[in-house]
Amino acid sequence: MGESETAALVDQITSAVLHRLAEASDRIVVGVSNRHVHLSRADLQTLFGLDELTLYRPVRQPQDFAAEQIVAVHGPRTSFARVRAMGPCRPKSQVELSRTDAIALGIDAPLTQSGHLDAAGPIDIEGPRGTIHLDHAAIVAARHIHMGPAHAKAWGLADQDRVQVRFDGERGGVLHNFIVRLKDDWIPEIHLDTDEANALGLHTGDYGTLIRR
Ligand SMILES: [Zn+2]
């Protein structure tokens with residue numbers, strides 16, 4: 001093999017390796033969100049007589065955790081008896097449902113970002129110490145990707161950008177409109193609800209590939 005052929009081959013291999021590396025680094029772990037509630041301190045007090053949620057198990061994002069506290073949620077059509085609270089407490093309580101859950105409950109829950117509750121649907125939450133009715137708490141959380149500033153910079157993304165993600169596998173596909181959500185201590189994680197995950201055959205711990213343009 002001549003010198004120029006060798007150089008061309010090296011270039012070809014280098015480019016393939018770089019391409020592979022770039023692809024690998026665009027892989028982001030998936031977290032599937034089952035229905036859950038976030039509670040304000042006042043509502044936690046009413047439902048459980050507690051000032052703080054207590055740790056059941058940590059989740060991937062450093063400040064967040066699955067709490068030991070479990071509530072029932074009631075809609076006009078049905079109820080779910082065991083819905084876990086996620087900590088820490090939030091300024092306002094909210095119930096995150098899949099579309100299937102909302103239909104089963106008989107609640108008109110809008111697709112919206114976590115914490116955007118102006119148009120959220122009405123729902124009742126029952127704890128061991130009491131029940132509350134919230135006029136604006138039930139939502140279907142918009143699919144999103146958590147990340148910190150370093151990854152956002154590397155990917156050329158900003159908070160609230162919308163991106164597409166490819167999921168491989170037997171039922172794989174590309175989903176649009178993942179909202180980029182940025183916070184200093186967050187690590188990259190794709191959040192989907194159970195409807196989306198089931199449609200694409202995904203489980204927590206699987207990976208999606210960020211589609212970069
Ligand atoms: Zn999330």
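Residues numbered from 1 in each chain as written. Predicted model: local features only at pLDDT ≥ 70, side-chain atom pairs only at ≥ 80, totals over all residues.

Engineer: Help me understand the overall build of the chain in this model?
Structural biologist: Regarding its fold elements, the chain presents 5 helices and 14 strands. Overall, the C-alpha framework of the chain stretches about 80 × 30 × 30 Å when taken along its three principal axes. The buried share among the 213 residues of the chain stands at 30%. Long-range pairs, those at least 24 residues apart, make up 67% of the contacts in the chain with a sequence separation of at least 6. (Helix = DSSP H or I, 4+ residues; strand = E, 2+ residues; numbered from the N terminus. Buried ≥ 20, exposed ≤ 12 C-beta atoms within 10 Å, placed from the backbone. Contact = placed C-beta atoms within 7 Å.)

Engineer: What is the right way to read unusual backbone geometry from this model?
Structural biologist: Between Gly87 and Pro88 the backbone carries a cis peptide bond, its omega angle lying at -5°. Even without a glycine there, the phi angle at Gln160 is positive, about 80°. Structurally, the position occupied by Gln160 is in the loop between α4 (149–155) and β11 (162–167). Assessed through the 11 C-beta atoms surrounding it within 10 Å, Gln160 is described here as exposed. With a phi angle near 60°, Asn177 is a residue other than glycine that sits in the positive phi range. On the secondary structure map, Asn177 appears in strand β12 (residues 173–182). With 12 C-beta atoms counted inside 10 Å, the residue Asn177 sits in the exposed group.

Engineer: Looking at this structure, I do not really get the domain arrangement of the chain. What am I missing?
Structural biologist: Put simply, an interface is often sized by how much accessible area is lost when its parts join up. Splitting the chain by domain gives domain 1 (35–141) and domain 2 (143–211). Computed over C-alpha atoms only, the centres of domain 1 and domain 2 are separated by 23 Å. Every contact between the two is made by 10 residues of domain 1 and, on the other side, 9 residues of domain 2. Here the side of domain 1 that touches domain 2 is composed, by residue class, of 3 nonpolar, 5 polar and 2 charged. (Domains from an automatic or database assignment. Nonpolar A, V, L, I, M, F, W, Y, C, P; charged D, E, K, R; others polar.)

Engineer: Would you mind showing me how to read the environment of Tyr207 here?
Structural biologist: Structurally, Tyr207 is set in strand β14 (residues 207–211). Given 17 C-beta atoms within a 10 Å radius, Tyr207 is considered partly exposed. Each C-alpha atom, one on Tyr207 and one on Val165, is 9.7 Å from the other, the two residues being 42 residues apart in sequence. Leaving out residues up to four positions away in the same chain, Tyr207 has contacts with Arg27, Ile28, Val29 and Val30.

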